[in-house]
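In case you want the letters, here they are:
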Amino acid sequence: MTSMTGRVPKVGFVSLGCPKATVDSERILTQLRAEGYGIVGSYADADVVVVNTCGFIDAAVEESLDAIGEALAENGRVIVTGCLGAKAELIRAAHPKVLAVTGPQALDAVMQAVHTALPRPHDPYTDLVPPGGIKLTPRHYAYLKISEGCNHRCTFCIIPSLRGDLVSRPVGDVMREAEALVRAGVRELLVVSQDTSAYGVDVKYRPGFWNGRPLKTRMADLAGALGSLGVWVRLHYVYPYPSVDDVIPLMAEGRVLPYLDIPFQHASERILRLMKRPGAVEKTLDRIAAWRQAVPDLTLRSTFIVGFPGETEADFETLLEFLQVAQLDRVGCFTYSPVEGAAANALPGAVPEAVKAERLERFMAVQAEISARRLAAKVGREIEVIVDAEDEAGSVARSRADAPEIDGVVYLDGVHGLAPGTQLTVRVEDAGEHDLWGSPVMVR
Ligand code: SF4
């Protein structure tokens, strides 16, 4: 019945109810897969069945009770969750044999009930489920997680102590997942990890296999292979290693989106050293210039920390000067906050909160002008966009320069009826601080 026999423990899942219940189901399924459980589509194959119920109206209660009854009759081991779970007595009165009853949005409680009924399996790759989770609803973009953990020891970060050193997923597995996503309708793959440029370092860039051909476990090789799938490929969380230079030709050829998300964190060499990050800022600026020469349309996104322990006014001004020279497109900035367990907390020279806040404001003012200027330069140009949604004013899309949820959007006011995932060319008519406005030129 369980992992003790060495086989994957299998869970059957019945999902009833409204879209909110569907999201709960997705969360539970994602967690089950993340912990290494198999999800099966028949009562006979399942070791236990989870029924996510609805209790909105009498008919829904009836349907839920029937579904529980059916699962008990067909399988016998049933865990109930969801809205009707809030009325445990009603369920137990109708079906005294259910193993456990939990309420709506009770992920932890359901998982506990599953663990009790069916111990969780051991699998070193189990936390490699993409952060987007397993989707029951179609989406036109998807996160593709390529590794877990990190070999760096940035002093402000506790991820390595939480998740351990870098473990790269086998390149063949990553490619097969990407192909499956594309087959399922995904038009944009967002490559994520703690440190995308380190992909394969832990396995010495060992070759894997994809479509019968050897493929190295290395960022540039993976990016090139993903680029052959005919969808947008966007690289996130790229640590500023020299190997970043290897993906620039793929961007110049149009195989990978001309977009790099590189957290630089600071620009004062002294602070970077205290952060245990690469400190050669002059070289960074030279590289940015070289990348832009090779890929004039390159969008650079980055994040920075201000108010790091020991940061002086001079260090901060160095950072502002860097922003002026680097002319980054999209920038996030955080004030340093001492995460429990981070080595940086022991550094002398804590910056007072008021100074941190003032530096954040100055930083954002400088960058807002740069970002707005760079967006304004796009007015009049034709750009390719992908539609994400529709609101009352029209369609909401993104360009190659915009990652979902973190960057700006392109508003297509007055344009209705385009399905999410539609790609089209638009002429940019206006620009704000974060977003663009445009009109379609031609639908592909
Ligand atoms: S900040 Fe990123 S690169 Fe640095 S230790 Fe944390 S996860 Fe690794």
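Reading the values: the criteria
- Residues numbered from 1 in each chain as written.
- Predicted model: local features only at pLDDT ≥ 70, side-chain atom pairs only at ≥ 80, totals over all residues.
- Heavy atoms only, no water.
- Helix = DSSP H or I, 4+ residues; strand = E, 2+ residues; numbered from the N terminus.
- Rg over C-alpha atoms; globule rule 2.2 N^0.38 Å.
- Buried < 20%, exposed > 50% of the residue type's maximum accessible area, 1.4 Å probe, protein only.
- 1 Å grid on protein atoms, 1.4 Å probe; cavity = no way out; pocket = protein on both sides within 12 Å on 5 of 7 lines; lining within 4 Å.
- Points joined across faces, edges and corners; volume = space filled by probe spheres on them.
- Pairing = 2+ DSSP bridges.
- Contact = heavy atoms within 4.5 Å.
- Axes fitted to C-alpha atoms, helices over the stretch in contact; angles between N-to-C directions.
- Phe/Tyr/Trp six-rings, centres within 6.5 Å; stacked < 30°, edge-to-face > 60°.
- Lys NZ or Arg CZ within 6 Å of the ring centre and 35° of its normal.
- Core = buried A, V, L, I, M, F, W, Y, C linked by side-chain atoms within 4.5 Å.
- pLDDT = per-residue confidence, 0-100.
- Near = heavy atom within 4 Å.
- Sits in = over half its atoms within 2 Å of the grid points.
- Nonpolar A, V, L, I, M, F, W, Y, C, P; charged D, E, K, R; others polar.
- Patch = residues over 30% accessible without salt bridge, like charges linked within 9 Å, V, L, I, M, F, W, Y side chains within 5 Å.
- Areas by Shrake-Rupley, 256 points an atom, 1.4 Å probe, with all protein chains shown as cover.
- Salt bridge = Lys/Arg side-chain N within 4 Å of Asp/Glu carboxyl O.
- Lys, Arg positive; Asp, Glu negative; His and termini not counted.
- Charge placed at Lys NZ, Arg CZ, Asp CG, Glu CD.

## Quick look at the overall build of the chain
Okay, step 1: Scanning the chain from terminus to terminus reveals 12 helices and 20 strands.
Okay, step 2: Over its C-alpha trace the chain gives a radius of gyration of 25 Å, about what one expects of a compact globule, namely 22 Å for 444 residues.
Okay, step 3: With respect to the three principal axes, the spread of C-alpha positions in the chain is 70 × 55 × 55 Å.
Okay, step 4: Scored against the burial criterion, the 444 residues of the chain give a buried share of 52%.

## Observations regarding empty space enclosed by the protein
Okay, step 1: If you walk through the whole model with that rule in mind, you get one cavity of 30 Å³ or more.
Okay, step 2: Taken as a whole, the largest cavity spans an internal volume of roughly 40 Å³.
Okay, step 3: Forming the walls of the largest cavity are Thr299, Asp329, Arg330, Ser371, Arg374, Leu375, Lys378 and Ala401.
Okay, step 4: Sort the elements by how many residues they give to the lining of the largest cavity and helix 12 (residues 353-376) lands first, with three residues.

## Structural notes on the sheet that holds strand 5 (residues 100-101)
Okay, step 1: Spatially, five strands are ordered 2-1-3-4-5 in an open sheet, and the strand pairing comes out parallel. With one partner strand each, in any of the chains shown, strand 2 (38-40) and strand 5 form the two edges of the open sheet.
Okay, step 2: In terms of strand pairing, strand 4 (residues 78-82) meets strand 5 through two bridges, oriented parallel. Bridge pairing in strand 5 places isoleucine 79 opposite alanine 100.
Okay, step 3: Sitting on the sheet, helix 2 (residues 58-74) touches strand 1 (10-15), strand 3 (48-53) and strand 4, and the angle it makes with strand 3 is about 175 degrees.
Okay, step 4: Running over the sheet, helix 4 (residues 107-117) touches strand 3, strand 4 and strand 5 and is turned about 175 degrees from strand 4.

## Quick notes on the packing of aromatic side chains
Okay, step 1: Counting across every chain of the model gives eight aromatic pairs.
Okay, step 2: Considering the side-chain rings of tyrosine 141 and tyrosine 143, the 6.4 Å spacing of their centres and the 90 degrees angle between planes classify their relative orientation as edge-to-face.
Okay, step 3: Note on tyrosine 141: relative accessible area 9%, which makes it buried.
Okay, step 4: With centroids separated by 5.9 Å and ring planes inclined at 70 degrees, the aromatic side chains of phenylalanine 264 and phenylalanine 322 adopt a geometry described as edge-to-face. Here phenylalanine 264, found in the loop between strand 13 (259-261) and helix 9 (269-275), pairs with phenylalanine 322, found in helix 11 (residues 313-326); they are 58 residues apart in sequence, far enough to count as distant. For the pair formed by phenylalanine 264 and phenylalanine 322, the shared burial category is buried.
Okay, step 5: By the ring-pair criterion, three or more aromatic residues cluster together here, those being Phe264, Phe304, Phe322 and Phe363.
Okay, step 6: The residue whose ring lies beneath arginine 234 is tyrosine 259, and the NZ or CZ to ring-centre distance is 4.6 Å.

## With respect to the nonpolar core
Nonpolar side chains in soluble globular proteins tend to be buried together.
Okay, step 1: The biggest cluster of nonpolar side chains holds 67 residues, and the ones touching the most others in it are Leu226, Leu260, Phe304, Phe322, Leu328 and Phe363.
Okay, step 2: Setting aside residues no more than four positions away along its own chain, phenylalanine 322 makes contact with Phe264, Ala267, Val281, Thr284, Leu285, Ile288, Phe304 and Leu328.
Okay, step 3: With 19 residues, the next largest nonpolar core counts Val14, Ala67, Ala71 and Val101 among its residues.

## Here we look at the confidence of the model for the chain
Okay, step 1: Per-residue confidence for the chain averages 89 on the pLDDT scale, and 93% of its residues sit at or above 70.
Okay, step 2: Per-element mean pLDDT across the chain ranges from 77 in helix 1 (residues 19-34) up to 98 in strand 18 (residues 410-413).
Okay, step 3: In this model, residues 1-5 is a region of pLDDT below 50 whose contacts with residues beyond four sequence positions or in other chains number 11 contacts.

## Comments concerning the pairing of strand 10 (residues 207-210)
Okay, step 1: Alternating residues of strand 10 divide into Gly208 and Trp210, all buried, and Pro207 and Phe209, none buried.
Okay, step 2: Direction of pairing for strand 10 relative to strand 11 (residues 213-216): antiparallel, over a ladder of four bridges. Note on strand 11: the bridge partner recorded for tryptophan 210 is arginine 213.
Okay, step 3: Linkage of strand 10 to strand 11, two consecutive antiparallel strands, is achieved through a turn of two residues, within which asparagine 211 is found at a positive phi near 55 degrees.

## Digging into the site of the ligand
Okay, step 1: Within the structure, the ligand sits among Cys150, His152, Cys154, Phe156, Cys157, Pro160, Gln194, Tyr239 and Arg277.
Okay, step 2: For the ligand, the cavity whose grid points lie within 2 Å of the majority of its atoms is the largest pocket.
Okay, step 3: Across the shell around the ligand, the residue classes tally to six nonpolar, two polar and one charged.

## Quick look at the layout of surface pockets
Okay, step 1: In this structure, the largest pocket spans a volume of roughly 1100 Å³.
Okay, step 2: Around the largest pocket, the lining is made up of 39 residues, and of these Ile159, Gln194, Tyr237, Pro263 and Gln265 lie nearest the centre.
Okay, step 3: Contributing elements (two or more residues each) for the lining of the largest pocket: strand 6 (141-145), helix 5 (159-163), strand 9 (188-192), strand 14 (299-306) and strand 15 (330-335).
Okay, step 4: It is strand 14 that provides the largest number of residues to the lining of the largest pocket, a total of four residues.
Okay, step 5: For the lining of the largest pocket, the per-class residue count stands at 23 nonpolar, eight polar and eight charged.

## Considerations on a negative patch on the surface
Okay, step 1: Taken together, Asp58, Glu62, Glu63, Asp66, Glu70 and Glu74 make up a surface patch of like negative charges.
Okay, step 2: If you trace the backbone, glutamate 70 turns up in helix 2.
Okay, step 3: For glutamate 70, a relative accessible area of 44% corresponds to the partly exposed category.

## Section: the side chain of asparagine 52
Okay, step 1: Relative to the assigned elements, asparagine 52 resides in strand 3.
Okay, step 2: When its relative accessible area of 2% is taken as the criterion, asparagine 52 is described as buried.
Okay, step 3: Sequence-distant contacts of asparagine 52, that is, excluding residues within four places in its chain, are made with Phe13, Val14, Ser15, Leu16, Ala21, Asp24, Ser25, Thr81 and Gly82.

## Things to note about the side chain of serine 371
Okay, step 1: By the element assignment, serine 371 lies in helix 12.
Okay, step 2: Among all residues touching serine 371, those that are not within four sequence positions of it are Leu328, Asp329 and Glu433.

## A closer look at unusual backbone geometry
Okay, step 1: Backbone geometry places lysine 276, a non-glycine residue, at a positive phi of 60 degrees.
Okay, step 2: Along the chain, lysine 276 turns up in the loop between helix 9 and helix 10 (281-294).

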